[in-house]
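# Results of the structural survey
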Amino acid sequence: MGRAEDEVVTLTSELIQIDSQNTGELATTTGEAEAAAYVDAKLREVGYETEVIESGAPGRHNVFARLKGADPDRPALLVHGHLDVVPFDESEWSVHPLSGSVQDGYVWGRGAVDMKDMDAMILALARQFKAEGTVPPRDLVFAFLADEEAGGAYGSHWLAEHRPDLFEGCTEALGEVGGFSLTLGEDVRVYPVMTAEKSIAWMKLRVRSRPGHGSMVQDENAVTILAEAVARLGRHRFPLVLTESVQGFFDEITELTGIEFPTDSAAALDGAVRKLGGVARVVGATTRDTANPTMLQAGYKANVIPSLAEATVDCRVLPGRQEAFERELDELLGPDVEREWIRNLEAVETAFDGELVDVITRAVQDEDPQAHTLPYMMSGGTDAKAFVKLGMRCFGFAPLRLPPDLDFTALFHGIDERVPVDALQFGTRVLERILLRA
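Residues numbered from 1 in each chain as written. Predicted model: local features only at pLDDT ≥ 70, side-chain atom pairs only at ≥ 80, totals over all residues. Heavy atoms only, no water.

## Points about the overall build of the protein
In terms of helices and strands, the protein carries twelve helices and 19 strands. C-alpha atoms of the protein, sized along the principal axes, occupy 80 × 50 × 45 Å. When burial is assessed residue by residue, the protein has 56% of its 438 residues classed as buried. Restricting the contact set of the protein to residue pairs at least 6 apart, pairs at least 24 apart contribute 80%. Here the protein carries 41 positive and 72 negative side-chain charges, and the mean point of each set is 2 Å from the other. (Helix = DSSP H or I, 4+ residues; strand = E, 2+ residues; numbered from the N terminus. Buried < 20%, exposed > 50% of the residue type's maximum accessible area, 1.4 Å probe, protein only. Contact = heavy atoms within 4.5 Å. Lys, Arg positive; Asp, Glu negative; His and termini not counted. Charge placed at Lys NZ, Arg CZ, Asp CG, Glu CD.)

Okay, structure coming up:
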């Protein structure tokens, strides 16, 4: 085998070719078993003793391997990626989503950026270290996980609850979604380090009222009451709240570019954020809580007013805002609407400091002297939510140096998902420096 940089493109392509779509429903989810078997074979090929764990449901497989470090007294570093991907509609793509095609300087397919590219970097480096007899400064725990795209109930959260021994000694974790370069102006390149995530809070709303005939005058209608409440919620703008990570992001961007981010006006702040280009869709969502209605269900016949109407809302709440958010929810929804959390994973945040942050910064600057690192908050969520519960500080940094005109954030869960070949190779070199210095 060659060095990691030489095989990372092939590994990415081959992982993409394995169908590991996660619909969020056990009955229709393909599962990660085949992808896990591929990773397991690649690790065993170079001499690892691996452990493959089925996490709470058939086919939901995870792979773990540990590489011993030079200092057994130092805490271990968890390096993790997920093997599942979101579903796709093949008819919308210009290439087949499972092709793993390498063309036009990119590797194409579902998972190319979320996150089989990072899986391949981790796998390539794990193989290189073992084959070359490399001993890192401290233990590295490599984890390839199931079910992240549906919140990790059959992946990281199950493992944290049932197999905490797999993470023995880990005090820090490195995973998605930071590390992708943003070019601001002509010569300013920043590589955000994810230090925080909003919550994943999926909510079911219900209205119950008296059923009746659709042809008659009715003073109660569950559909009407629910529709009005959902419309109020969907149009509502929650207040601006800048956490430490978001404020740190804005402060660093201001220092580098001169762009000011005024906080006395929501409209002014939103206008400043739009100057950041494609990443604005992520950054803008981290300045406030959000609650987006996504599903409606009611009725069974055109002429019957139903007794029950339901809606599903995707809520994303900032760190420290859960109680205030719920009070605001109840005021908006009113007394006739019941609400229930069907998935509620808390927001997480850690400070942008410490030895690992310093190592990340030096590693990316060694490969890109114009690089700047800065903290940022992810508007979604990752497996970090499970590992924080085990006492780890979690950071997201999957390094990629990207073309300035590539709208990278649009590729997450998007059509024609792809990652530049040279960005994969760049990222592998940066990640190698991080793991050999951390």
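## Quick word on the packing of aromatic side chains
Within the structure shown, the criterion is met by eleven aromatic pairs. Ring geometry for Phe180 and Phe408: centres 5.4 Å apart, planes at 40°, overall tilted. Of this pair, Phe180 sits in the loop between β7 (170-175) and β8 (182-184) while Phe408 sits in the loop between β18 (393-396) and β19 (418-420), and the two are 228 residues apart along the sequence. The residues Phe180 and Phe408 share a single accessibility class, namely buried. (Phe/Tyr/Trp six-rings, centres within 6.5 Å; stacked < 30°, edge-to-face > 60°.)

## Considering the sheet that holds strand β10 (residues 200-208)
Across the sheet, four strands lie side by side as β12-β14-β10-β15; this open sheet has antiparallel pairing. Bordering the open sheet on either side are β12 (290-298) and β15 (338-345), each of which pairs with just one other strand. Recorded for the sheet is a direction-independent mean angle of 20° between the axes of neighbouring strands. Across the sheet, helix α5 (residues 222-235) is in contact with β10, β12 and β14 (308-316); its angle to β14 comes to roughly 15°. In this fold helix α9 (residues 322-333) packs onto β10, β12, β14 and β15, with an angle of close to 150° to the strand it touches most, β15. (Pairing = 2+ DSSP bridges. Axes fitted to C-alpha atoms, helices over the stretch in contact; angles between N-to-C directions.)

## Here's the deal with the sheet that holds β19
Spatially, β4-β5-β19 is the arrangement adopted by the three strands of the open sheet, whose pairing is antiparallel. Here the strands that pair on one side only, and so sit at the sheet edges, are β4 (102-103) and β19. Of the pairings in the sheet, the one linking strand β5 (residues 106-108) to β19 comprises three bridges and is antiparallel in character. Its bridge partner lying in β19, Val107 is registered against Val419. Helix α1 (residues 4-16) contacts β4 and β5 of the sheet and is inclined by roughly 20° relative to β5. In this fold helix α12 (residues 421-437) packs onto β4, β5 and β19, with an angle of close to 65° to the strand it touches most, β19.

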